[in-house]
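Each chain is listed here by its residues.
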Amino acid sequence: MKQVHVVAGVIRDARGRVLLARRTEGRDLAGLWEFPGGKVEPGESAEAALVRELREELGIEARVDAALIRVPQRYPDKRLLLDVRHIRFTGTPKGLDGQALAWAPPHTLAGYPMPPADRPVVAALLKPDRYLVTPAPEDDQAWLAALARALARGVRCVQLRAPGLDARRWSRLVAQAVALCREAGVETLLNGDAALAGRVGIGLHLRSAQLHQAGIGEAIAPLKAAGRSIGASCHDVQDLLQAERLGCDFAVLGPLLQTRTHPGAAGIGWDAFAAMRERVSLPVHAIGGLVSDDIGIARAHGAQGIAAIRGLWDAGGAAE
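The rules behind each value
- Residues numbered from 1 in each chain as written.
- Predicted model: local features only at pLDDT ≥ 70, side-chain atom pairs only at ≥ 80, totals over all residues.
- Heavy atoms only, no water.
- Helix = DSSP H or I, 4+ residues; strand = E, 2+ residues; numbered from the N terminus.
- Contact = heavy atoms within 4.5 Å.
- Domains from an automatic or database assignment.
- Buried area = accessible area lost by both parts, 1.4 Å probe.
- Pairing = 2+ DSSP bridges.
- Axes fitted to C-alpha atoms, helices over the stretch in contact; angles between N-to-C directions.
- Polar contact = N/O pair within 3.5 Å; in protein donor to acceptor, adjacent residues only side chain to side chain.
- Core = buried A, V, L, I, M, F, W, Y, C linked by side-chain atoms within 4.5 Å.
- Buried < 20%, exposed > 50% of the residue type's maximum accessible area, 1.4 Å probe, protein only.
- Right-handed = clockwise from strand over helix to strand, strands pointing away.

Looking at the side chain of lysine 78
- Along the polypeptide, lysine 78 turns up in strand β6 (residues 78–90).
- Apart from the residues lying within four places of it in its own chain, the contact partners of lysine 78 are Met1, Lys2, Val4, Asp28 and Gln73.

Have a look at this one:
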């Protein structure tokens, strides 16, 4: 299958709006909106290609800044790597190839119809790059205090999970944890229990086994209708494809590395992660033995970021 390396830029104006270009008639995926850029030519660096493409397509002089994400994406006729960078520029962008342009406020980006490879770019711009999964509590107050510390360190998305805990005790603890997260403006999902998630008004994180249960689409429909996020734990391509079919907002894929909680299980590694990630357009967090310092390598393999228990729960940041 043909492999294509494409570079694209996140271009912002003085108001913070992001520039999008509409694919012209006669091209693949015509009519969809994308981040401006183009193909890397043989012997050309990604940076040089992006400067050239933005000059040719928009008439601007670009300076390539930090990397945002590299998205591997499989299409019916090719495998694409979308390499996205932040851009500074001089000049006034114009659609020199006849393409329509739009300056989109960031909160509107998800409403633009885009090619599959561009959708994870929107998530990388707008959604948290760390997803905390809580450990089972031993002491409830100590657990709540540790959660508060994690939120203070900048965690902005939390999965409440406590396997084996007494249902009454867990319900009380969930209510207290949700109050903490709401006060901090943090998105919160509950592991596995759609009914309790509905009662407390938060999102739901599906276990991998739940993805394939009969009637799961109907079970999560009320939460989706209420605007609650749906996440999913995935271990293989079939899990990822099913999460996408169900309309999940994001997935967690792993284990990436060997972990203390599963010392005998070898991780899938980054190459396998990227090969599975390219089959869907969902934002996908990598999980398993990862800490905040791994976000850069995760983004380089198409991940939204990392998910972790101990790697985000403990103040020391030890890998789980």
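With respect to the domain arrangement of the protein chain
- Considered domain by domain, the protein chain is made up of domain 1 (2–118) and domain 2 (130–312).
- Between the C-alpha centres of domain 1 and domain 2 the distance comes to 30 Å.
- Each side of the interface is counted separately: domain 1 has 9 residues, and domain 2 has 11 residues.
- Between domain 1 and domain 2 the total buried area reaches about 840 Å² when both faces are included, carbon and sulfur atoms providing 47% of it.
- Three residues stand out in domain 1 for area buried against domain 2, namely Ile69, Pro72 and Arg74, and they jointly supply 48% of the buried area on that side.

Describing the sheet that holds strand β1 (residues 2–11)
- An order of β4-β1-β6-β5 is seen for the 4 strands of this open sheet, with the pairing classed as mixed. Each of the sheet's edge strands pairs with one partner strand only, and the pair in question is β4 (37–39) and β5 (61–75). Strand-to-strand twist in this sheet, taken as the mean axis angle between neighbours without regard to direction, amounts to 20 degrees.
- In this structure, β1 lies alongside β4, joined through 3 bridges in antiparallel fashion. Following the sheet pairing, valine 6 is matched in β4 by lysine 39.
- Those strands touched by helix α2 (residues 119–126) are β1, β5 and β6, and its axis lies near 130 degrees from that of β5.

Brief notes about the side chain of glutamine 73
- Note that glutamine 73 resides in strand β5.
- In this structure the side chain of glutamine 73 is engaged in a polar contact, spanning 3.3 Å, whose partner is the backbone oxygen of glutamate 278.

A few points about the nonpolar core
- Counting 57 residues, the largest nonpolar core has Trp143, Leu147, Val158, Leu160, Trp170 and Leu206 as the members making the most contacts within it.
- Apart from residues no more than four positions distant in its own chain, tryptophan 143 is found in contact with Thr134, Pro135, Ala136, Pro137, Leu160, Trp170, Leu173, Ala177 and Trp313.
- By size, the runner-up hydrophobic cluster in this structure holds 24 residues, among which are Ile69, Val71, Val84 and Ala117.

Some points on the pairing of strand β8 (residues 130–133)
- As defined by bridge partners, β8 adjoins strand β15 (residues 305–308) across 3 bridges and the pair is classed as parallel. Residue pairing for β15: tyrosine 131 is matched across the bridge by alanine 307.
- Note that β8 and strand β9 (residues 157–160) share 2 bridges and pair parallel. Considered in β9, the bridge of valine 133 is made with glutamine 159.
- What joins β8 to β9 is helix α3 (residues 140–152), and the crossover it makes is right-handed.

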